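# A closer look at the structure
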Amino acid sequence: MPSISNTKRVKGVSIFRPFVYGSIATPVNPDRKPPNLPPDHTHQWTVSVKGVDGADISHFIKKVQFKLHDTYANPLRTCESPPFEVSETGWGEFEIVIKIWFVPESGEKPQSCFHFLKLHPYVGDKAELELARQQRRPVLSYVYDELAFNEPTEAMYDILTSKGSARLPSRARGARGEFTEESEAMELDRLNAGIQIVREHIDKARESLVAKEKAVAELKAEREKK
Ligand code: SLL
């Protein structure tokens with residue numbers, strides 16, 4: 001049993017560790033169907049939680065549970081050791097709840113994140129999408145995220161500072177991995193949608209400010225008249 005007696009916390013310190021979660025899905029080739037594939041299953045996919053560029057994450061992540069759609073037998077899938085991943089076949093997209101447990105030394109509660117399983121290509125114009133479909137290109141949907149250990153226990157501080165590092169995903173052009181141009185384009189779409197919402201908020205705030213300024217000016221003018 002690992003010792004969890006050292007629960008004293010290191011004050012004023014936060015340690016961040018990058019990780020990646022998401023899925024890769026490949027359309028089934030009708031000429032090379034895996035045996036026992038149910039006739040309505042169109043895709044093979046893998047959902048995973050992993051380190052950046054294959055970095056080890058098992059010194060801080062102990063266990064990962066993936067909650068699949070209820071149409072799957074035993075939808076709750078647990079990985080007690082790396083690789084933290086589930087491979088399946090299916091026909092539809094759905095949200096996967098990913099619950100991450102940390103090593104006991106951390107004294108941290110488990111944390112959940114949500115991943116929408118993508119089976120179909122969705123970036124590009126009609127012709128590009130059609131080509132991707134025809135070529136049965138894998139569809140990647142990965143998110144880069146960070147786990148924060150705020151005021152870690154002393155034991156956890158020792159673990160985090162002696163193993164691993166805060167390595168960022170490689171962005172070299174043509175690099176193979178989770179972060180392809182497609183997933184980058186997707187991330188950009190998400191960011192742009194976010195920027196649009198922020199813009200709308202700013203516009204609304206500006207309108208209300210202008211209205212208030214007008215009201216104040218009117219009040220002032222009225223008072224000066226008296
Ligand atoms: C949809 N809301 O209707 C989604 C649900 C569920 C996908 C998708 C099950 C595979 C099996 C499977 O692919 N479920 O029969 O084991 O699109």
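Up top is the structure.
So, a few notes on the structure that sits alongside this text. (Residues numbered from 1 in each chain as written. Predicted model: local features only at pLDDT ≥ 70, side-chain atom pairs only at ≥ 80, totals over all residues. Heavy atoms only, no water.)

## Things to note about the overall build of the protein chain
Going by this rule: Labels follow the DSSP assignment, with helices taken as runs of H or I lasting at least four residues and strands as runs of E lasting at least two, numbered in each case from the N terminus. When a residue's accessible area, from a 1.4 Å probe over protein chains only, is under 20% of the maximum for its type it is buried; when over 50% it is exposed; and in between it is partly exposed. Throughout, a residue-residue contact means that at least one pair of heavy atoms, one from each residue, lies within 4.5 Å. Per-residue and other accessible areas were derived by the Shrake-Rupley procedure at a 1.4 Å probe size, with only the shown protein chains allowed to occlude residues.
When helices and strands are counted, the protein chain shows three helices and eight strands. Reading the protein chain from its N terminus to its C terminus gives the helix and strand order β-β-β-β-β-β-β-α-β-α-α. Out of the 226 residues belonging to the protein chain, those deemed buried represent 32%. Partitioning the intrachain contacts of the protein chain with sequence separation of at least 6 by distance along the chain shows that 70% fall at a separation of at least 24. Carbon and sulfur atoms form 54% of the exposed surface of the protein chain, whose accessible area is close to 14700 Å².

## Some points on the nonpolar core
Selection criterion: The term nonpolar core refers to a set of buried residues drawn from Ala, Val, Leu, Ile, Met, Phe, Trp, Tyr and Cys, joined through side-chain atoms within 4.5 Å.
Trp 45, Val 49, Ile 61, Phe 66, Ile 96, Ile 98 and Ile 100 are the most contacted members of the largest nonpolar core, which has 32 residues in total. The set of elements that each furnish at least two residues to this core consists of strand S1 (14-27), strand S2 (43-50), strand S3 (61-67), strand S5 (84-90), strand S6 (95-102), strand S8 (139-150) and helix H2 (154-162). With residues up to four places along the chain from it excluded, the contact list for Val 49 reads Phe 19, Val 20, Tyr 21, Ile 57, Ile 61, Val 64, Phe 66, Phe 84, Ile 98 and Ile 100.

## Concerning the sheet that holds S2
Applicable threshold: Paired strands, as defined in this entry, are two strands with at least two bridges between them according to DSSP. Lines fitted to C-alpha atoms define the axes, with helix axes restricted to the stretch in contact, and inter-axis angles between N-to-C directions lie between 0 and 180 degrees.
Across the sheet, which stays open at both edges, the four strands sit in the order S5-S2-S1-S8 with antiparallel pairing between neighbours. One side of each edge strand has no neighbouring strand; the edge strands of this open sheet are S5 and S8. Each neighbouring strand pair of the sheet contributes to a mean axis angle of 15 degrees, computed without reference to strand direction. Direction of pairing for S1 relative to S8: antiparallel, over a ladder of twelve bridges. Residue pairing in the sheet places Ile 15 in a bridge with Phe 149 of S8. Relative to S1, H2 is tilted by about 60 degrees, and along the sheet it contacts S1 and S8.

## Notes on the pattern of salt bridges
For clarity, the threshold we go by: A pair is scored as a salt bridge if a Lys or Arg side-chain nitrogen falls within 4 Å of a carboxyl oxygen belonging to Asp or Glu.
In the structure shown here, the tally under the stated rule is eight salt bridges. The partner of Glu 108 in a salt bridge is Arg 9, with the nearest N and O atoms 3.1 Å apart. On the criterion of sequence distance, the pair formed by Glu 108 in the loop between S6 and strand S7 (111-116) and Arg 9 in the segment before S1 is long-range, its members being 99 residues apart. Using a relative accessible area of 29% as the deciding quantity, one classes Glu 108 as partly exposed.

## Observations concerning the sheet that holds S7
One open sheet accounts for four strands, arranged S4-S3-S6-S7; its pairing is antiparallel. Two strands close off the open sheet at either side, each with one partner strand: strand S4 (76-79) and S7. Pairs of neighbouring strands in the sheet enclose a mean axial angle of 20 degrees, with direction left out of account. Sheet topology note: the S6/S7 ladder contains six bridges and is antiparallel. Its bridge partner lying in S7, Ile 98 is registered against Cys 113.

## A closer look at H2
Two residues of an α-helix separated by three or four positions point the same way, owing to the 3.6 residues in each turn. The condition that has to hold: To obtain the arc, one takes the directions from the helix axis to the C-beta atoms.
Of all the positions in H2, only Ala 155, Met 156, Ile 159 and Leu 160 are classed as buried. In an axial view of H2, the angular spread of the buried residues amounts to 125 degrees, which keeps them on one side of the axis. Within two residues after H2, Gly 164 carries a phi angle of roughly 70 degrees, on the positive side.

## Some points on the site of the ligand
For clarity, the threshold we go by: Proximity criterion: a residue is near a molecule or strand once any of its heavy atoms comes within 4 Å of it. Any N or O atom pair separated by 3.5 Å or less is treated as a polar contact, with the protein-specific requirement of one donor-capable and one acceptor-capable atom, and with residues adjacent in sequence counted only for side-chain atom pairs. Side-chain classes follow a simple rule in which Ala, Val, Leu, Ile, Met, Phe, Trp, Tyr, Cys and Pro form the nonpolar group, Asp, Glu, Lys and Arg form the charged group, and the remainder, Gly included, forms the polar group.
Near the ligand, the surroundings consist of His 41, His 69, Thr 71, Tyr 72, Gly 90, Trp 91, Gly 92, Glu 93 and Phe 94. In this structure, an oxygen atom belonging to the ligand sits 3.3 Å away from a side-chain N or O atom of Tyr 72. Backbone polar atom of Gly 92 to an oxygen atom of the ligand: 3.3 Å apart, as the coordinates give it. Coverage of the ligand by the protein amounts to 68% of the 460 Å² it exposes when considered alone. Within the shell around the ligand, the residues separate by chemical class into three nonpolar, five polar and one charged.

## A closer look at the pairing of S2
When you tally the buried positions in S2, you get six out of eight residues, the bulk of the element. Where S1 and S2 come together, eight bridges link them in antiparallel fashion. Counted as the bridge partner of Tyr 21 is Val 49 from S2. For S2 and S5, the ladder comprises seven bridges, and the chain directions are antiparallel. Directly across from Val 47, in S5, lies its bridge partner Val 86.

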